[in-house]
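Residue-level listing of the chains:
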Protein chains: 2
Amino acid sequence: METNNIDPEVHARAGLTHIVEPNDLTGAALVQIAGAVEAYRLIREHVGTAPASEQQQVAELLDAHGASRAALRLDAGLERWRARAVHTDPEADLKLMGHLGGGIMVPGDANWPRGFDALGLGAPLALWFRGEGNQRILRDPGRLVAIVGSRDATEYGRTITAELVSGLRARGICIVSGGAYGIDAQAHQTALAEEAPNAAMSREDPLPATIAVMAGGLNRLYPVGNEQLLKRVHRQGLLIAEVAPGATPSRWRFLQRNRLIAALCAATVVSEARWRSGALSTARHAAEIGREVGAVPGPVFSANSAGCHRLVREGAATLVTDAAEVIELLDLPALDTFRAGEAPASDSFSNVRTESRSDHDGLAVQDLLLLDALGVRSPRGVDQLTVVAGLGIGSVLGGLSRLAAAGLAEQSGNGWIRRFPRGREHQRGAPTAP
Amino acid sequence: METNNIDPEVHARAGLTHIVEPNDLTGAALVQIAGAVEAYRLIREHVGTAPASEQQQVAELLDAHGASRAALRLDAGLERWRARAVHTDPEADLKLMGHLGGGIMVPGDANWPRGFDALGLGAPLALWFRGEGNQRILRDPGRLVAIVGSRDATEYGRTITAELVSGLRARGICIVSGGAYGIDAQAHQTALAEEAPNAAMSREDPLPATIAVMAGGLNRLYPVGNEQLLKRVHRQGLLIAEVAPGATPSRWRFLQRNRLIAALCAATVVSEARWRSGALSTARHAAEIGREVGAVPGPVFSANSAGCHRLVREGAATLVTDAAEVIELLDLPALDTFRAGEAPASDSFSNVRTESRSDHDGLAVQDLLLLDALGVRSPRGVDQLTVVAGLGIGSVLGGLSRLAAAGLAEQSGNGWIRRFPRGREHQRGAPTAP
C-alpha cells in the first residue's frame, strides 16, 4: 500500500494516532485549527519554536475550552510529540490492520460514532477497528449499552452481569465493554452466547452482539487470558481503539479508553465494582457528558459492590436491578441531547481523574505518562523514555527527579525503573499492607 | 382516681383518643377550634345536626389544609364518633395505664415530641406511654433514628440491622421501631443488648436505648410472640401509642402509626423490605415531612431487598450501607427545619396511602375502617360494627354493601364477616396465587 493510494486525511490521522496521546487537547486543537494533514506535517517537520500564528490560535482555542495550562502550549506539545513523530509509519499500520481484518475510520465517515460528538475537543482523532461485525451499529448510541465492572468479579457479579446482558440482548441492544477480566469478560461472553433477536430477520447482515473498546493497539488481543474470547468478539462483533497498532495499553490509555466507552453508549451500567475501580471512572465520564448511568446494588458486606453503592450515594448513578430498569434509562429524554454540548475541560488531558490510583494522586499528566513508560524489571534510558512516553527530554529529566522523590522511580544501571511505594492498596475496609 | 383530680385538658384528650381515629383531620380541626375540653363535650353530648358555627369553622380550617371532602364535614364526624363516645371512660384508662407503669402526655408537656410538629393538623391529640425509660429523649428528634423493615426478615436483613443499630447506639442514638416481628424485633433487641455509651456518665438516669411505637392500646404487648422482648423494652425503654388502652391494632392504625415513627425521628432507615411493605409507608411519610430517609441495598435476587431498591430508585431514600452513613444523614441541614411546615393534607385522613394493600385500592377511608372492624371467623352485627369501626349506622350499612360487592365482606348468620378475594398477594416477581 503506497501513500498516494491513501486519502491524505486518513493518512494524516492514522499517523497522528501514533504520536498524540488520547485526549491530548493541544493536538486536538491544532488539528481543528490547521486540519489533520497540516497538523501532521507540522508535527513531523517542525524544528525550533512553534509558528507564532498557530501557537496563538491553539492558545485561544484551548482558552475557550477553559484549558490554558503551560503544558498545553503548542510548543510544549511539539516538543512532546517530536520523539515519536520520527517513528511514525501510517502506511505500515494501515497495511497491518488490513491484514488483521480491520482498518481505520475518521470523523465524517458514515459509521463514525455519533456519541463521540459529546466529547468535543476530546473526541478521538480517528478510530481503529477490527472484526466482522457491522460497523453501522457504532452510529447509534441508543442501541449501545456499556456493561463494566471489576476484574476480580464475584459469582454474584458474574450472575447479575449475565442476567443484564441476556435481557438487553433480548431487546436488541449491543453490549459494549472493555475486554478485561471479570465483569467485562462476562459481559462479552454472555452477549456472544445469546442469539440476537433480529438475527432471523437480517440473517445476512446481523448487527454485532458486542463491542470491545481496547486501551492498546488492536494488533494484540489483550489481556492474553482473554485471547480466545476476544477472537470470538472479532468474529461476531467489533474491537475498536483510538491508539495506533503497537501502542501498549498504558494506565493513561486505560483511563482515556473509559471516556470512549462512556461516549459511545446511551447508558453505562456498573454491575459490580470495588470502592476504587476503573469502572467508576467510566461511570463518571458518562455522567459528566450527560449519559445515563446505572449501578447494580449488592450485599453491603461485599467489598465488590462498594463502588456501585458509592456511585448511587454520590448521585452519579441510578440504582438498577434488572435489564428492564436499564431500558428505562434509555427511554429518558436525555437521549435526545446527544449532539449537544462539549466535554468539560476539567475532564480532559489537562486534568486527568486519578480516582483509581491511590499512589499517584497529585502527579501532573506528563509525570503519569512517564510513570507508564517506566519498566518494572528492565531499566529504560532517557532517550528511550522520550519515545515511549511521548515527552520532550526536559519533561523526562524533570519528571524522573519528581518520580524518584515520590518513591515511584529509581535509577538502575544506565536507566530508570519503576518503584512501588508501601501500602499502595487502600481498598476501603481492607487492611493496609504492612 | 376521680375526674376532679385530673387536669380537664388531659381528661378530655384521653377521652378523645378513645373516640377519634388517628389522623382524623375533622377531629383535629374541632379540637383546634373549640379546644379539647369543648370538643370532647360536644362529641359526647351532641344530638342532631352539628352547631352551625363550629361546622363552618371546621370546614374553613380543613379547606385551608386542602382537605374538604364530604366525609370530613363536622356532622359526618359527629355521626362517626357518636357510637364510641358513650363507651368512653378516661378515668379508667388513666388508672389502668398508671398501674401498667405508664400514663399520657399532651401537647405542651415538657417531653411532648418536638418532631410531631411537622405533622401539623395530623399530629396526635395525645400520647400514651409505658416503660421506665426517660421520656426526655422524645423531645429530641436528632437523637432518634427509626430502623424499620419487613416482618419476614432474612439472615442478611437481620445482620445488617444489628450492625446499623450497634453503630448508632455507639454514637448515643436511641433506636425507634414498631415492635413487630423480623427487622423491628431485631432492631429493638440489638439496641437493648448494647450498653449506651453515656451510661457511665449518667448512670442514675440513662436515656432509653429503644422506643417501640405501637399501633394498638398499650395495655397489650402485641404481637404475642414479641411479648418478652417488649417487656424488656418496657424495663429499659419506652412503649408509646396515640390510641387509648384497649384499642386493637387495626390496619388503619398500623398505617397511621407509621407516620408517628417518621415524625418522631430525624431519620428513618429501611434495612430490608419487600416490594410491598409497611416499612415503605413509614419511609414515604418521613420523606414527605422532610425527614431524612435511608435504605439498605441487598442482593438484587433477594425479594426482601426489592422495597429498599425501590425507595432509592424513586428518590425517596438515600442508599446507606453502614451506621456512619446514617449519621451523615443526620448532619444535613434539613435537621434545622423541624418545627417548620405542616403535614401535607394529601397524607392525612382524607387520603390514606394504600401502597401496602393490593386488594383495597380505591376504597374510601370509612370503608377501610369498616373492613378493619370485620371479624374473620366471628360475625359482627351492624350495631357492634358502629362501635368497633367508629362509624355512623348509615356509613356502616352503605359500607357493608360496597365491601360485599367487592368480595371483601359477607353476611353470615345475624352479622357480617371478612372475606378475602383471590390473588391478594401481588409480590413483585412472585407468581400470583391461582
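Residues numbered from 1 in each chain as written. Chains lettered and ligands numbered in written order. Predicted model: local features only at pLDDT ≥ 70, side-chain atom pairs only at ≥ 80, totals over all residues. Heavy atoms only, no water.

Visitor: Help me out: how do you make sense of the overall build of chain A in this one?
Guide: Along chain A, the regular secondary structure elements total 16 helices and eleven strands. When each of the 434 residues of chain A is scored for burial, the buried share is 58%. Within chain A, residue pairs in contact and separated by at least 24 positions form 77% of the contacts whose partners lie at least 6 positions apart. (Helix = DSSP H or I, 4+ residues; strand = E, 2+ residues; numbered from the N terminus. Buried < 20%, exposed > 50% of the residue type's maximum accessible area, 1.4 Å probe, protein only. Contact = heavy atoms within 4.5 Å.)

Visitor: Explain the relation of the copies chain A and chain B here, please?
Guide: The relation between the two chain copies is a rotation about an axis coupled with a shift along that axis. By a simple turn and slide, chain A fits onto chain B: the slide is 0.0 Å along the axis, the RMSD is 0.0 Å, and the turn is 180°. On this basis, the relationship between the two copies can be described by a two-fold rotation axis. The residues that chain A uses at the interface reappear at the interface of chain B in 100% of cases, marking a shared surface. (Least-squares fit on C-alpha atoms with pLDDT ≥ 70 in both.)

Visitor: I would appreciate a short explanation of the packing of aromatic side chains in the present structure.
Guide: Aromatic ring pairs are described here by two measures, namely the spacing of the ring centres and the angle between the planes. Counting across every chain of the model gives six aromatic pairs over all chains. Consider the rings of Tyr156 of chain A and Phe301 of chain B, whose centres lie 5.8 Å apart with planes at 80°: the pair is edge-to-face. Within this pair, whereas Tyr156 of chain A is found in helix α7 (residues 155-170), its partner Phe301 of chain B is found in the loop between β8 (292-295) and α12 (306-313), the two belonging to separate chains. Judged by relative accessible area, Tyr156 of chain A falls into the buried class, the value being 16%. With a relative accessible area of 42%, Phe301 of chain B lands in the partly exposed category. Aromatic side chains Trp112 of chain B and Phe116 of chain B sit 5.6 Å apart centroid to centroid with 75° between the ring planes, which places their arrangement in the edge-to-face category. For Trp112 of chain B, a relative accessible area of 10% puts it in the buried group. Residue classification places Phe116 of chain B among the buried residues on the basis of a relative accessible area of 1%. Lying over the aromatic face of Trp275 of chain A, Arg310 of chain A brings its terminal NZ or CZ to 4.3 Å of the ring centre. (Phe/Tyr/Trp six-rings, centres within 6.5 Å; stacked < 30°, edge-to-face > 60°. Lys NZ or Arg CZ within 6 Å of the ring centre and 35° of its normal.)

Visitor: Honestly, the sheet that holds strand β6 (residues 238-241) of chain B in this entry has me stumped. Any pointers?
Guide: Across a sheet, strands are paired by hydrogen bonds formed along the backbone, either parallel or antiparallel in direction. Residues and elements named next belong to chain B. Strand order in the open sheet made by the nine strands is β1-β2-β6-β5-β4-β3-β7-β8-β9, with mixed pairing throughout. Whereas interior strands pair on both sides, the edge strands pair on one side only; in this sheet they are β1 (102-105) and β9 (318-319). Here four bridges tie β1 to strand β2 (residues 127-130), and the two strands are oriented antiparallel to one another. Bridging across to β2, Gly103 finds its partner in Phe129. Along the sheet face, helix α11 (residues 278-288) touches β3 (144-149), β7 (267-272) and β8 and points at about 155° away from the line of β7. (Pairing = 2+ DSSP bridges. Axes fitted to C-alpha atoms, helices over the stretch in contact; angles between N-to-C directions.)

Visitor: For this particular structure, what's the right way to read the nonpolar core?
Guide: Considering soluble globular proteins, one finds that nonpolar side chains tend to be buried as a cluster. By size, the foremost hydrophobic cluster in this structure holds 78 residues, and its most contacted members are Ile211 of chain A together with Ile211 of chain B. The residues contacting Ile211 of chain A, other than those within four sequence positions of it, are Ile137, Leu138, Leu144, Cys174, Ile175, Val176, Ser177, His188, Leu238 and Ile240 of chain A. (Core = buried A, V, L, I, M, F, W, Y, C linked by side-chain atoms within 4.5 Å.)

Visitor: How do you make sense of the pairing of strand β2 (residues 127-130) of chain A when you look at a structure like this?
Guide: In regular strands, side chains alternate between the two faces of the sheet. All names here are of chain A. Residue alternation in β2 divides its side chains into two sets, Leu127 and Phe129 and Trp128 and Arg130, and both sets are buried. The pairing of β2 with strand β6 (residues 238-241) spans three bridges and is classified as antiparallel. Within the sheet, the bridge partner assigned to Trp128 lies in β6 and is Ala241.

Visitor: Mind showing me how you'd approach the pairing of strand β4 (residues 174-177) of chain A here?
Guide: Residues and elements named next belong to chain A. Residue alternation in β4 divides its side chains into two sets, Cys174 and Val176 and Ile175 and Ser177, and both sets are buried. Here three bridges tie strand β3 (residues 144-149) to β4, and the two strands are oriented parallel to one another. Within β4, the position partnered with Leu144 by the bridge is Cys174. In this view, the connection linking β3 to its parallel neighbour β4 by way of α7 has right-handed handedness. Pairing geometry for β4 and strand β5 (residues 210-213), over three bridges, is parallel. (Right-handed = clockwise from strand over helix to strand, strands pointing away.)

Visitor: Help me understand the sheet that holds β4 of chain A, please; the structure alone is not making it clear to me.
Guide: Residues and elements named next belong to chain A. Read across the sheet, nine strands follow the order β1-β2-β6-β5-β4-β3-β7-β8-β9 without closing on themselves; strand pairing throughout is mixed. Where the open sheet ends on each side, the last strands, each with one partner, are β1 (102-105) and β9 (318-319). By the bridge criterion, four bridges tie strand β7 (residues 267-272) to strand β8 (residues 292-295) in an arrangement that is parallel. Paired with Val269 across the strands is Gly294, a residue of β8. Packed onto the sheet, helix α8 (residues 183-193) meets β3, β4, β5 and β7 and runs at close to 140° relative to β3. Those strands touched by helix α13 (residues 323-330) are β3, β7, β8 and β9, and its axis lies near 160° from that of β8.

Visitor: I tried to follow the packing of helix α7 (residues 155-170) of chain B against helix α8 (residues 183-193) of chain B on my own but got confused; where do I start?
Guide: When two helices pack together, their arrangement is given by the angle between their axes and by how far apart the axes lie. All names here are of chain B. Where α7 meets α8, the closest approach of the two axes is 9 Å, and the angle between their N-to-C directions is 35°. In this structure, α7 crosses over α8, and the sense of that crossing is right-handed. On the side of α7, the interface is formed by Gly157, Arg158, Thr161, Ala162, Val165, Ser166 and Arg169, while α8 contributes Ile183, Gln186, Ala187, Thr190 and Ala191. For the contact of α7 with α8, the per-class residue count stands at five nonpolar, five polar and two charged. (Left-handed = near helix turned anticlockwise from the far one by under 90°. Nonpolar A, V, L, I, M, F, W, Y, C, P; charged D, E, K, R; others polar.)

Visitor: Sorry if this is basic, but what is going on with helix α1 (residues 8-19) of chain B here?
Guide: Residue and element names in this part refer to chain B. Over its twelve residues, α1 runs 17 Å from end to end, which matches the ideal 16 Å to within 8%, given 1.5 Å per residue. The buried fraction of α1 amounts to nine of the twelve residues, a majority that puts the element mostly inside the structure. If you check which residues of α1 are buried, you get Val10, His11, Ala12, Arg13, Ala14, Gly15, Leu16, Thr17 and Ile19. Here the buried face of α1 lies against α2 (25-34), α3 (36-45), α5 (74-85), α6 (90-99), β1 and β2. (Expected span 1.5 Å × (residues − 1).)

Visitor: Got a minute to help me understand helix α4 (residues 52-64) of chain B in this structure?
Guide: Two residues of an α-helix separated by three or four positions point the same way, owing to the 3.6 residues in each turn. Residue and element names in this part refer to chain B. The first and last C-alpha atoms of α4 sit 18 Å apart over 13 residues, in line with the 18 Å expected at 1.5 Å per residue. When α4 is considered as a whole, its buried residues turn out to be Glu54, Gln55, Val58, Leu61 and Leu62. Looking straight down α4, one finds that the buried residues subtend no more than 135° of arc, so they occupy a single side. For α4, the exposed residues set more than 90 degrees away from the buried face come down to Ala52 and Ala64. One or two steps after α4, the chain reaches Gly66, where phi turns positive at roughly 75°. (Arc of directions from axis to C-beta.)

Visitor: Just checking my understanding: could you explain the side chain of Glu54 of chain B for this structure?
Guide: Examined against the element boundaries, Glu54 of chain B turns out to sit in helix α4. Buried Glu54 of chain B, no salt bridge; nearest opposite-charge side chain is Arg41 of chain B, N-O distance 6.6 Å. (Lys, Arg positive; Asp, Glu negative; His and termini not counted. Salt bridge = Lys/Arg side-chain N within 4 Å of Asp/Glu carboxyl O.)

Visitor: I tried to follow the pattern of salt bridges on my own but got confused; where do I start?
Guide: Opposite charge on two side chains lets them pair, provided their charged atoms get close. Residue and element names in this part refer to chain A. The tally for this structure, following the rule as stated, stands at 34 salt bridges over all chains. A salt bridge links Arg310 to Glu314, with the nearest nitrogen and oxygen atoms 3.2 Å apart. Connected through salt bridges with shared partners, the residues Glu21, Arg84 and Arg253 form a single ionic network.

Visitor: I'm lost on the interface of chain A and chain B in this one. Help?
Guide: Interface size is commonly expressed as the accessible area that is lost once the parts come together. Contacts between the two partners involve 21 residues from chain A, matched on the other side by 21 residues from chain B. Interface of chain A and chain B: buried area, both sides summed, is about 1800 Å²; carbon and sulfur atoms make up 65% of it. Considering only the side of chain A, the residues that lose the most area to chain B are Val300, Phe301 and Arg313 of chain A, jointly responsible for 37% of the buried surface there. Our count for the chain A to chain B interface comes out at four salt bridges. Taking the shortest distance from any N to any O, the salt bridge between Arg313 of chain B and Glu325 of chain A comes out at 3.4 Å. Applying the counting rule to chain A against chain B returns eight residue pairs in polar contact (both at pLDDT 80 or more). For the side of chain A that touches chain B, the elements supplying multiple residues, two or more each, are α7, α12 (306-313), β9 and α13 of chain A. Looking at the side of chain A that touches chain B, the element that brings in the most residues is α7 of chain A, giving four residues. (Buried area = accessible area lost by both parts, 1.4 Å probe. Polar contact = N/O pair within 3.5 Å; in protein donor to acceptor, adjacent residues only side chain to side chain.)

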